[in-house]
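# Structural description and commentary
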Amino acid sequence: MERSLSRLSLLNPGKLKVLLSLGFKGYLAQKNWFRAYETKTSIDENNTPVPWVTYSFIDFIKSRINTTHSIFEYGSGNSTIFYAGKAKSVTSVEHDKSWYETVTNLKLPNAEILFCALKENGEYCRKAVSTNRKYHIIIVDGRDRVNCCKYALQALTEDGVLILDDSERPYYEEAIDFLKQSGFKHIPFSGMAPGTIQSKCTSVFYKTHNCLDI
């Protein structure tokens, strides 16, 4: 009975008018959400590639990254294009061979794409460390994320920041607890992401003196 009443309420002309108007005005229209949904790509209002993270996080980070920052990311794609357009350099590790070749073919001048076969608690999660470099920002948005977070701290600069996407998922609580116990503060950015219909969360972990001036 409750479901029937819910369906009937959606047929209310006033509600239908509001729903239909969302494609032409309001937050979703401003963010180009409908185009992202149709094309199944993460793009912004200018059809420019953006990470598949929450809009609130994109708004937060886009003006804070600059050409002094070196970035490492677990997982690659439109996020690589976005970060490479703002940072000094981006190094990404990808476990999917065909996707690795696709991103490599973008030939971004300041981006290095690394292929690494996936094995839990194997070379993949240690890849930031094995590059023997330090990074201002490490983004964990690939696989084996709990282990990636644990090893990533060894590759962060003293003022480094770690970003964990989809942090609302219960099985990433271990990573969140680990980072907090390691002295990091936590800002969760919840909300919608390009083309997605469910709320998610992208989390920033930082210390008092950090490269993003938080």
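Above this note sits the structure.
Quick caveat, the model's predicted, so the values are computed rather than measured.

Criteria and cut-off values
Positions within a chain are numbered from 1, following the residues in the order the chain's sequence is written. Only residues with pLDDT of at least 70 are given local features in this predicted model, and only at 80 or more are side-chain atom pairs given and counted; all residues enter the totals for whole chains, interfaces and linings. The side-chain quantities take in all heavy atoms of the structure and omit both hydrogens and water. Note on conventions: DSSP H or I runs of at least 4 residues are helices, E runs of at least 2 residues are strands, and numbering of each starts at the N terminus. Here the term buried applies to any residue with accessible area under 20% of the maximum for its type, exposed to any over 50%, and partly exposed to those in between, with areas from a 1.4 Å probe on protein chains only. In what follows, residue pairs with any heavy atoms lying within 4.5 Å of each other are defined as contacts. To be clear on the numbers: accessible area is Shrake-Rupley with a 1.4 Å probe, and residue cover counts the displayed protein chains and nothing else. By the convention used here, strands pair only if DSSP detects at least 2 bridges between them. The rule for a salt bridge is simple: a side-chain nitrogen of Lys or Arg has to be within 4 Å of a carboxyl oxygen of Asp or Glu. For Phe, Tyr and Trp, where Trp contributes only its six-membered ring, two rings pair if their centres lie within 6.5 Å, and the inter-plane angle classes them as stacked under 30 degrees, edge-to-face over 60, or tilted in between. Any Lys NZ or Arg CZ that is within 6 Å of a ring centre and within 35 degrees of that ring's normal is treated as a charge sitting over the ring. Definition of a polar contact: a pair of N or O atoms within 3.5 Å, with one able to donate and the other able to accept a hydrogen when the atoms are protein atoms, and with sequence-neighbouring residues admitted only if both atoms are side-chain atoms. In this description, a disulfide is simply a cysteine sulfur pair whose atoms lie within 2.5 Å.

### Quick notes on the overall build of the chain
On a plain count of helices and strands, the chain comes out with 10 helices and 7 strands. In the chain, which comprises 214 residues, the proportion classed as buried is 44%. Across the chain, the fraction of contacts at a sequence separation of at least 24, relative to all contacts at a separation of at least 6, is 51%. With an accessible surface of roughly 11,700 Å², the chain has 53% of that area assigned to carbon and sulfur atoms.

### Focus: the pairing of strand β2 (residues 89–94)
Of all 6 residues making up β2, 5 are buried, and the element is well covered by its neighbours. Pairing of strand β1 (residues 70–74) with β2 involves 5 bridges; the strand directions are parallel. The partner of Ile71 across the bridge, within β2, is Val90. As paired strands, β2 and strand β3 (residues 111–115) are joined by 5 bridges and run parallel to one another.

### Some details on the pattern of salt bridges
In this structure the tally under the stated criterion is 10 salt bridges. Its salt-bridge partner being Glu112, residue Arg133 comes within 3.2 Å of it at the nearest N-O pair. Of this pair, Arg133 sits in the loop between α8 (127–130) and β4 (135–140) while Glu112 sits in strand β3, and the two are 21 residues apart along the sequence. A relative accessible area of 38% places Arg133 in the partly exposed class.

### Details of the packing of aromatic side chains
Enumeration according to the criterion identifies 12 aromatic pairs in this entry. Pairing Phe60 with Phe189 gives two aromatic rings, centres 4.7 Å apart and planes at 35 degrees, and the pair type is tilted. Here Phe60, found in helix α5 (residues 55–61), pairs with Phe189, found in strand β6 (residues 185–191); they are 129 residues apart in sequence, far enough to count as distant. For the residue pair Phe60 and Phe189, the accessibility class agrees, reading buried in each case. Note on Phe72 and Tyr74: the rings are 4.9 Å apart at their centroids and 70 degrees apart in plane angle, and the pair reads as edge-to-face. Looking at Phe72, the relative accessible area reads 0%, which means it is buried. What links up through ring pairs into an aromatic cluster is the set Phe72, Tyr74, Tyr124 and Tyr135. Geometry around Phe115 places Lys97 over its ring, the cationic atom sitting 5.1 Å from the centre.

### What to know about the environment of Leu156
Along the chain, Leu156 falls in strand β5 (residues 156–165). We classify Leu156 as buried; its relative accessible area is 7%. The sequence separation of Leu156 and Ser70 amounts to 86 residues, and the corresponding C-alpha distance is 9.9 Å. Excluding residues that lie within four positions of it along the chain, Leu156 makes contacts with Lys134, Tyr135, His136, Ile137, Ile138, Val161, Leu162 and Phe184.

### Things to note about the side chain of Ser167
Along the chain, Ser167 turns up in the loop between β5 and α10 (173–181). A polar contact of 2.6 Å, which involves the side chain of Ser167, links it to the side chain of Ser203. If we ignore the near neighbours within four places in the chain, the residues touching Ser167 are Tyr172, Ile176, Cys201, Thr202 and Ser203.

### Some remarks on the state of the cysteines
Throughout the structure, instances matching the rule amount to 0 disulfides. Cysteine Cys116 is unpaired, with the sulfur of Cys125 as its nearest cysteine sulfur at 8.7 Å. By relative accessible area, which is 2% here, Cys116 ends up buried. In this structure Cys148 is not part of a disulfide, and its nearest cysteine sulfur, from Cys125, lies 5.6 Å away.

### Things to note about the environment of Ala111
Residue position: Ala111 is located in strand β3. Dropping the residues within four chain positions of it, Ala111 is found in contact with Thr80, Ala84 and Val90.

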